[in-house]
Amino acid sequence: MKIREFLTRYVEGYLFKDLDSMAQCQLPSGSKEGAVGYPMVMTAFAGIVQEGAQLEAAYGVEIAQIRKRFPVRADGAIWL
């Protein structure tokens, strides 16, 4: 599968539409917790991981090289 086809079908199709569907959820009356924030974040993370795997397979982008060049993660921790 070519990267453009993957992005169109799985990212713009399934992933974005799933996130849009979850964004339509409403909290029960009187409730302050229970929105779908966590499932939305996990869905986005899963999409990021899948896209990374596709890029690695399609273009030979190696995650180890990226980690070597940018050793500090977004949360400030060092990659192991």
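The rules behind these values
- Residues numbered from 1 in each chain as written.
- Predicted model: local features only at pLDDT ≥ 70, side-chain atom pairs only at ≥ 80, totals over all residues.
- Heavy atoms only, no water.
- Helix = DSSP H or I, 4+ residues; strand = E, 2+ residues; numbered from the N terminus.
- Buried < 20%, exposed > 50% of the residue type's maximum accessible area, 1.4 Å probe, protein only.
- Contact = heavy atoms within 4.5 Å.
- Areas by Shrake-Rupley, 256 points an atom, 1.4 Å probe, with all protein chains shown as cover.
- pLDDT = per-residue confidence, 0-100.
- Salt bridge = Lys/Arg side-chain N within 4 Å of Asp/Glu carboxyl O.
- Phe/Tyr/Trp six-rings, centres within 6.5 Å; stacked < 30°, edge-to-face > 60°.

### Observations regarding the overall build of the protein
When its secondary structure is counted, the protein shows 3 helices and 0 strands. Along the protein, helices (α) and strands (β) appear in the sequence α-α-α when read from the amino end. Among the 80 residues that make up the protein, the fraction classed as buried is 14%. Taking as baseline every contact in the protein between residues at least 6 positions apart, the subset at least 24 positions apart corresponds to 31%. As displayed, the protein offers around 6700 Å² of accessible surface, 60% of which is attributable to carbon and sulfur atoms.

### Regarding the confidence of the model for the protein
Averaged over the protein, the pLDDT score is 79; the fraction of residues at 70 or greater is 81%. Taking the mean pLDDT of every element in the protein, the minimum, 70, falls on helix α3 (residues 63-69) and the maximum, 87, on helix α1 (residues 3-23).

### So, the pattern of salt bridges
Should the charged atoms of two oppositely charged side chains come close, the side chains can pair. Per the stated rule, a full pass over the model turns up 1 salt bridge. In this structure, Arg 9 engages Glu 5 in a salt bridge whose closest nitrogen and oxygen atoms are separated by 3.8 Å. One end of the pair is Arg 9 and the other is Glu 5, both in helix α1 and 4 residues apart, which spans about a single turn. Taking relative accessible area as the criterion, Arg 9 reaches 40% and is therefore assigned partly exposed.

### So, the environment of Pro 39
In this structure, Pro 39 sits in helix α2 (residues 37-59). C-alpha of Pro 39 to C-alpha of Leu 19: the two residues are 20 residues apart in sequence and 8.9 Å apart in space.

### A look at the packing of aromatic side chains
Summed over all chains, the structure comprises 2 aromatic pairs. Taking the centre distance of 5.6 Å and the plane angle of 35° together, the rings of Phe 6 and Tyr 10 count as tilted. Separated by 4 residues within a single helix, Phe 6 and Tyr 10 lie in helix α1, roughly one turn from each other. Measuring from ring centre to ring centre gives 5.6 Å for Tyr 10 and Tyr 14, while their planes differ by 35°; the resulting arrangement is tilted. With Tyr 10 and Tyr 14 both in helix α1 and 4 residues apart, this pair spans about one turn of that helix. Under the relative-accessibility criterion, Tyr 10 is labelled partly exposed at 33%. By way of ring pairs, the aromatic residues Phe 6, Tyr 10 and Tyr 14 are connected into one cluster.

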